[in-house]
Amino acid sequence: QGKMRCMLAFCFLGHFSTCVERTVRGIEGGTLITSCEYGTGWESYRKWWCRGKNWNSCKILVKTTGSEKLVKKGRASIQENRSRRTFTVTLEDLRRDDTDIYWCGIERTGNDLGYKFSVVVDP
């Protein structure tokens, strides 16, 4: 079972030209683990990750409750580490059709903050 770790940094939507879009690779049947970093001041906000090419219509897979407690929904889970200002997203039992665009996000009033990355599942 392959485990893949990758750090993703946040940038503001609409300014992705200043960010390198990341690709995270996993192996079919394995587990994908990705950590998303955020800046100071966002610790108390809910974090989420979603799937879909378009930010405005992506499907939220799992969301934190506003604490550091692990939240699991189906094959997806999310857990925050506030002292490190990161949250880790995990997708278990990877399938070939999990290959898609995903987003890490921070829920806030107005437009959420987010970071886009690609997931590729290899056989």
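The shown structure was predicted, so the numbers you read here are calculated from the model rather than taken from an experiment.

A.B. asks: Before we go on, may I ask you to explain the state of the cysteines in this structure?
C.D. replies: Here, disulfide denotes a covalent bond that connects the sulfur atoms of two cysteines. Here the structure, examined in full by the defined rule, presents 2 disulfides. Bridging C36 to C104, the disulfide has an S-S length of 1.8 Å. You can see C36 sitting in strand 4 (residues 31–37) and its partner C104 sitting in strand 10 (residues 100–106), a full 68 residues away along the chain. One disulfide bridge connects C50 with C58, the sulfur atoms lying 1.9 Å from each other. With the S-S bond torsion at -75°, the cross-link from C50 to C58 turns out left-handed. We note that C50, like C58, is buried.

A.B. asks: Please explain the side chain of T64 as it appears in this structure.
C.D. replies: Position of T64 relative to the elements: it lies in the loop between strand 6 (59–63) and strand 7 (71–73). Given the relative accessible area of 1%, T64 is considered buried. If we ignore the near neighbours within four places in the chain, the residues touching T64 are Y45, R46, K47, V71 and I78.

A.B. asks: Would you take a moment to explain the pattern of salt bridges for this structure?
C.D. replies: Side chains that differ in sign of charge can pair as their charged atoms come close. Counting across every chain of the model gives 9 salt bridges. Across the pair K47 and E80 runs a salt bridge, and its minimum N-O distance is 2.7 Å. Linking K47 in strand 5 (residues 47–51) with E80 in strand 8 (residues 76–81), this pair joins segments that are 33 residues apart in sequence. Like K47, the residue E80 is buried in the burial classification.

A.B. asks: Sorry if this is basic, but what is going on with the confidence of the model for the chain here?
C.D. replies: Interpretation of this model should avoid reading the predicted coordinates in detail wherever pLDDT is low. Of all residues in the chain, 83% attain a pLDDT of 70 or more, and the chain-wide mean is 82. In the model of the chain, strand 1 (residues 3–4) stands out as the element of lowest mean pLDDT, 48, in contrast to strand 7, which has the highest, 97. With pLDDT under 50 throughout, residues 1–5 is counted as low confidence; its partners more than four residues away or in other chains account for 15 contacts. Across residues 12–19, confidence stays below pLDDT 50; counting only partners more than four residues off in sequence or on other chains, it has 13 contacts.

A.B. asks: I tried to follow the nonpolar core on my own but got confused; where do I start?
C.D. replies: In a soluble, globular protein the nonpolar side chains are often hidden away together inside. Counting residues in each nonpolar core, the largest one holds 23 residues, and the members touching the most others are W49, I78, F87, L91, Y102 and F117. Listing elements by their share of this core, those giving two or more residues are strand 4, strand 6, strand 8, strand 9 (86–91), strand 10 and strand 11 (113–122). Among the elements that take part in this core, strand 11 stands out by supplying 5 residues, more than any other. With sequence-adjacent residues up to four places away left out, Y102 is seen in contact with W49, C50, R51, L61, L91, Y115, K116, F117 and V119. W48, C50, W55 and I101 belong to the second-largest nonpolar core, a separate cluster that totals 6 residues.

How each quantity is defined
- Residues numbered from 1 in each chain as written.
- Predicted model: local features only at pLDDT ≥ 70, side-chain atom pairs only at ≥ 80, totals over all residues.
- Heavy atoms only, no water.
- Disulfide = S-S within 2.5 Å.
- Helix = DSSP H or I, 4+ residues; strand = E, 2+ residues; numbered from the N terminus.
- Buried < 20%, exposed > 50% of the residue type's maximum accessible area, 1.4 Å probe, protein only.
- Contact = heavy atoms within 4.5 Å.
- Salt bridge = Lys/Arg side-chain N within 4 Å of Asp/Glu carboxyl O.
- pLDDT = per-residue confidence, 0-100.
- Core = buried A, V, L, I, M, F, W, Y, C linked by side-chain atoms within 4.5 Å.

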